[in-house]
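Each chain is listed here by its residues.
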Amino acid sequence: MNAEKKTSLLGMSLPQLREVAGECGLPAFAAKQIAHWLYGKRATTIDAMTDLSKRGREALAARYRTGHEAPKAASRSADGTVKYLFDGAGGHDIEAVYIPDRDRATLCVSSQAGCKMGCKFCMTGRQGFHGNLSATQIINQILSIPESDTLTNIVFMGMGEPLDNIDAVLAAIEVLTSPWGLAWSPKRITVSTVGHLPSLRRLLDESKVHVALSVHTPFADERAGLMPVERAWPVAKVVETLREYDFAHQRRLSVEYTMWRGINDDMRHADALARLLRGTSARANLIRYHAIPDSTMQPATQAAMEAFRDRLNERGVTATIRASRGEDIEAACGMLAGKDKTETHS
């Protein structure tokens, strides 16, 4: 069978691997062995799974492949951030961003090629939507970069709206957190969303990961102009849903707030944001805007961001200004475009 037509094992759950074992004439316990090779030992070939019989490996390799695909290219920032390019969907590439920071090493992973949400300030949204990534493609971003073994955190904040691809995202989270998978604590994983309400409850009910809600303005009319999703799922309703869940103990709720000069950076916005978040334990991450082509929007000044932060803190909302990373390689928030503009390749 042509390698491209073979089914990828990466991203499969233990029950799915049991089905695979049965199809290939392997005993049921072989599923755990395969999972251990895929996620524990991170084997990139079926032939490396040496505790399976030779006949078993041959039967498995006839139908399946591990699914590892190395990055197509890499671009390295002066601050240590690395942007990796991978095959995506619909003929469009996707990007993942590795961000080292003292004792933390975070990977920002993509969940879609392009995005349906159409946020005015986002390069990914300008592409339109080209397809969902599979669990295989999501897990591959994590396991196929050179820094994979050093990762401490995963954030679903790359290209796409994670909750618009909820099945694959939940499947990837299961692999990341299950004892038969990578056995990570859910506290090491954050899923960002613009407020995709139909899938939000599934994420909250079926996982214990942290949630980051993209708000960017507390006023519904302004938000609808920046983020069309506001018309379908108003942020006030999203926050109301989030209040039903416990974010004080096992998981954390954060709010992403990109700041633009003269648009959302005054005290009126700070006070309204504090009111919106009343009754939650949400923390606000204030994000410096990185200009994208053909946009008249300008970043808020440092003084305005500091005043905004201080006002939120006074109103009982813990707020911090997020450090900018990877801007020189277009790897900062809102800048991922899914095409190779790099000069340094791997």
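Provided above is the structure to which this section pertains.
Residues numbered from 1 in each chain as written. Predicted model: local features only at pLDDT ≥ 70, side-chain atom pairs only at ≥ 80, totals over all residues. Heavy atoms only, no water.

Trainee: Explain the pairing of strand β11 (residues 210-214) here, please?
Mentor: Within β11, 5 of the 5 residues are buried, leaving the element largely enclosed by the surrounding structure. Residues H210, A212 and S214 of β11 are buried on one face, and the alternating residues V211 and L213, pointing to the opposite face, are buried as well. Note that the unit made of strand β10 (residues 189-193), helix α7 (residues 197-206) and β11 has a crossover that is right-handed. When β11 meets strand β12 (residues 253-259), the two strands line up parallel, connected through 4 bridges. By the bridge assignment, S214 is partnered in β12 with E256. (Buried < 20%, exposed > 50% of the residue type's maximum accessible area, 1.4 Å probe, protein only. Helix = DSSP H or I, 4+ residues; strand = E, 2+ residues; numbered from the N terminus. Right-handed = clockwise from strand over helix to strand, strands pointing away. Pairing = 2+ DSSP bridges.)

Trainee: Would you explain helix α5 (residues 135-143) in this entry?
Mentor: For an α-helix, the turn length of 3.6 residues means that residues three or four places apart are oriented alike. Burial within α5 is extensive, with 8 of its 9 residues counted as buried. For α5, every residue scored as buried is listed here: A135, T136, I138, I139, N140, Q141, I142 and L143.

Trainee: Quick question: what am I supposed to make of the packing of helix α6 (residues 166-177) against α7 here?
Mentor: Any two packed helices are characterised by the angle at which their axes cross and by the distance between the axes. One can describe the packing of α6 onto α7 by two numbers: an axis separation of 11 Å at closest approach and a directional angle of 15°. Accordingly, the angle class assigned to the pair α6 and α7 is roughly parallel. As for the relative orientation of α6 and α7, their crossing is right-handed in sense. Residues I166, D167, L170 and I173 of α6 touch α7, and the partners they reach there are S199, R202, L203 and E206. Of the residues contributing to the contact of α6 with α7, the split by class is 4 nonpolar, 1 polar and 3 charged. (Axes fitted to C-alpha atoms, helices over the stretch in contact; angles between N-to-C directions. Parallel < 35°, antiparallel > 145°, perpendicular 65-115°, else oblique. Left-handed = near helix turned anticlockwise from the far one by under 90°. Contact = heavy atoms within 4.5 Å. Nonpolar A, V, L, I, M, F, W, Y, C, P; charged D, E, K, R; others polar.)

Trainee: Is there a simple way to think about the layout of surface pockets in this case?
Mentor: Over the atoms rolls a probe the size of a water molecule, and in doing so it shows where empty space is left. Empty space within the second largest pocket amounts to approximately 220 Å³. Residue lining of the second largest pocket: 14 residues in total, with G67, E69, D87, Q137 and N140 positioned closest to the centre. Those elements that place two or more of their residues in the lining of the second largest pocket are β4 (82-89) and α5. Class assignment for the residues of the lining of the second largest pocket results in 3 nonpolar, 7 polar and 4 charged. (1 Å grid on protein atoms, 1.4 Å probe; cavity = no way out; pocket = protein on both sides within 12 Å on 5 of 7 lines; lining within 4 Å. Points joined across faces, edges and corners; volume = space filled by probe spheres on them.)

Trainee: What is the right way to read the pairing of strand β13 (residues 283-288) from this model?
Mentor: When a strand is regular, its side chains alternate between the sheet's two faces. In this structure, β12 lies alongside β13, joined through 6 bridges in parallel fashion. Among the inter-strand pairings, E256 is bridged to a residue of β13, identified as N285. Crossover β12 to β13 through helix α11 (residues 267-276) is right-handed. Judged from the 3 bridges that link them, β13 and strand β14 (residues 319-321) form a sheet pairing that is parallel. For N285, the partnering residue across the bridge sits in β14 and is T320. Regarding the hand of the β-α-β motif, the stretch spanning β13, helix α12 (residues 302-314) and β14 is right-handed.

Trainee: Got a minute to help me understand the environment of A171 in this structure?
Mentor: Looking at the element boundaries, A171 is found in helix α6. Owing to a relative accessible area of 24%, A171 belongs among the partly exposed residues under this scheme.

Trainee: Help me understand the nonpolar core in this model?
Mentor: Soluble globular proteins tend to pack their nonpolar side chains together in the buried interior. Judged by nonpolar contacts, the single largest core of 90 residues is most densely connected at L9, Y39, L60, F156 and L312. Here this core gets 8 residues from one element, more than from any other, and that element is α6. If we skip the residues at most four places from it in the chain, Y39 touches L9, L10, G11, M12, I139, L143, V175, W180, G181 and L182. F121, W260, Y289 and I292 belong to the second-largest nonpolar core, a separate cluster that totals 14 residues. (Core = buried A, V, L, I, M, F, W, Y, C linked by side-chain atoms within 4.5 Å.)

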